[in-house]
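What the coordinates show
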Amino acid sequence: MTTYAALLRGINVGGKKKVPMAELREVLEGLGYEDVRTYLQSGNAVFGGRDAAPEVLAAEIERGVEERFGFSVACLVVDGPYLESVVEGCPYPASEREGKQLHATFLSAQPDEGRFAAIDREAFLPEEFSVGEKVVYLYAPEGLGRSRLAEAVFRPAVFKGIDATTRNWNTVVKLVEMTR
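Residues numbered from 1 in each chain as written. Predicted model: local features only at pLDDT ≥ 70, side-chain atom pairs only at ≥ 80, totals over all residues. Heavy atoms only, no water.

A word on the overall build of the protein chain
Each helix and strand in the protein chain was counted, giving 5 helices and 8 strands. Ordered by position from the N terminus, the helices and strands of the protein chain form the series β-α-β-β-α-β-α-β-β-β-α-β-α. A principal-axis box enclosing the C-alpha atoms of the protein chain has dimensions of 50 × 30 × 30 Å. Put simply, of all contacts in the protein chain between residues at least 6 apart along the chain, 68% involve residues at least 24 apart. When the accessible area of the protein chain is evaluated, it comes to approximately 9000 Å², of which 47% is carbon and sulfur surface. Positive and negative side-chain charges in the protein chain, numbering 21 and 27 respectively, have mean positions lying 6 Å apart. (Helix = DSSP H or I, 4+ residues; strand = E, 2+ residues; numbered from the N terminus. Contact = heavy atoms within 4.5 Å. Areas by Shrake-Rupley, 256 points an atom, 1.4 Å probe, with all protein chains shown as cover. Lys, Arg positive; Asp, Glu negative; His and termini not counted. Charge placed at Lys NZ, Arg CZ, Asp CG, Glu CD.)

Put into structure tokens, the structure is as follows:
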């Protein structure tokens with residue numbers, strides 16, 4: 001059995017798309033997943049399941065959420081080793097940053113670098129971003145809510161056709177711990 005993390009996008013934000021974590025756990029257990037745990041109210045769940053392509057598991061979870069709550073939600077599923085590789089591949093000294101300063105945006109597909117070509121990276125310093133394996137790292141010293149670079153990087157045109165969901169570094173580290 002493999003341990004996975006499900007990252008649901010855009011739930012419990014501003015009173016919209018309410019998904020209580022206890023009910024999310026019930027949905028996942030109803031799909032046959034084991035040892036289901038959630039973290040925070042922002043759509044993070046860890047579970048054990050059969051070896052399957054993450055896209056297959058994500059589609060099952062998306063269907064389960066829609067059946068239970070009546071609305072669609074994008075979901076990305078990643079396994080524990082992938083999460084560890086995200087932490088190990090971080091180009092910024094995470095130990096020197098606060099969790100609100102460093103973010104990982106998980107992607108459903110690998111973007112080509114050309115999508116980011118129009119972004120003048122120097123114009124946004126000290127903010128920085130870097131593209132990893134199906135992840136974008138963003139260093140925003142003033143936090144994501146005040147980041148001008150985040151607005152430029154995460155424009156809909158840049159990620160057209162790619163599902164993306166962002167987690168702060170504290171959450172990423174916690175999900176790594178939970179999937180071990």
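Some words on the sheet that holds strand β4 (residues 75-79)
Read across the open sheet, the 4 strands follow the order β2-β3-β1-β4; overall the sheet is antiparallel. One side of each edge strand has no neighbouring strand; the edge strands of this open sheet are β2 (34-39) and β4. The mean inter-strand angle of the sheet, taken between neighbouring strand axes irrespective of direction, is 20 degrees. As paired strands, strand β1 (residues 2-8) and strand β3 (residues 44-49) are joined by 6 bridges and run antiparallel to one another. (Pairing = 2+ DSSP bridges. Axes fitted to C-alpha atoms, helices over the stretch in contact; angles between N-to-C directions.)

Comments concerning the packing of aromatic side chains
Here the distance between the centres and the angle between the planes together describe a pair of aromatic rings. In this structure the tally under the stated criterion is 9 aromatic pairs. Where F154 meets F159, the ring centres are 5.6 Å apart and the plane angle is 20 degrees; that geometry is what we call stacked. Here the aromatic residues F116, F129, F154 and F159 are joined through ring pairs into a cluster of three or more. Above the ring of F129, the side-chain terminus of R121 is found at 3.9 Å from the ring centroid. (Phe/Tyr/Trp six-rings, centres within 6.5 Å; stacked < 30°, edge-to-face > 60°. Lys NZ or Arg CZ within 6 Å of the ring centre and 35° of its normal.)

Observations concerning the packing of helix α1 (residues 21-30) against helix α2 (residues 54-69)
Two elements in contact, α1 and α2, have axes separated by 10 Å at closest approach and are oriented at 125 degrees. Relative to α2, α1 is oriented oblique. For the element pair α1 and α2, the recorded crossing hand is right-handed. For the pair α1 and α2, contact is made by E23, L24, E26, V27 and L28 and by I61, G64, V65, R68 and F69, respectively. Tallied by class, the residues present in the contact of α1 with α2 amount to 6 nonpolar, 1 polar and 3 charged. (Parallel < 35°, antiparallel > 145°, perpendicular 65-115°, else oblique. Left-handed = near helix turned anticlockwise from the far one by under 90°. Nonpolar A, V, L, I, M, F, W, Y, C, P; charged D, E, K, R; others polar.)

A few points about the pairing of β1
When you tally the buried positions in β1, you get 6 out of 7 residues, the bulk of the element. Relative to β4, β1 is paired through 5 bridges, and the arrangement is antiparallel. Bridging from a neighbouring strand, A5 pairs with V78 of β4. (Buried < 20%, exposed > 50% of the residue type's maximum accessible area, 1.4 Å probe, protein only.)

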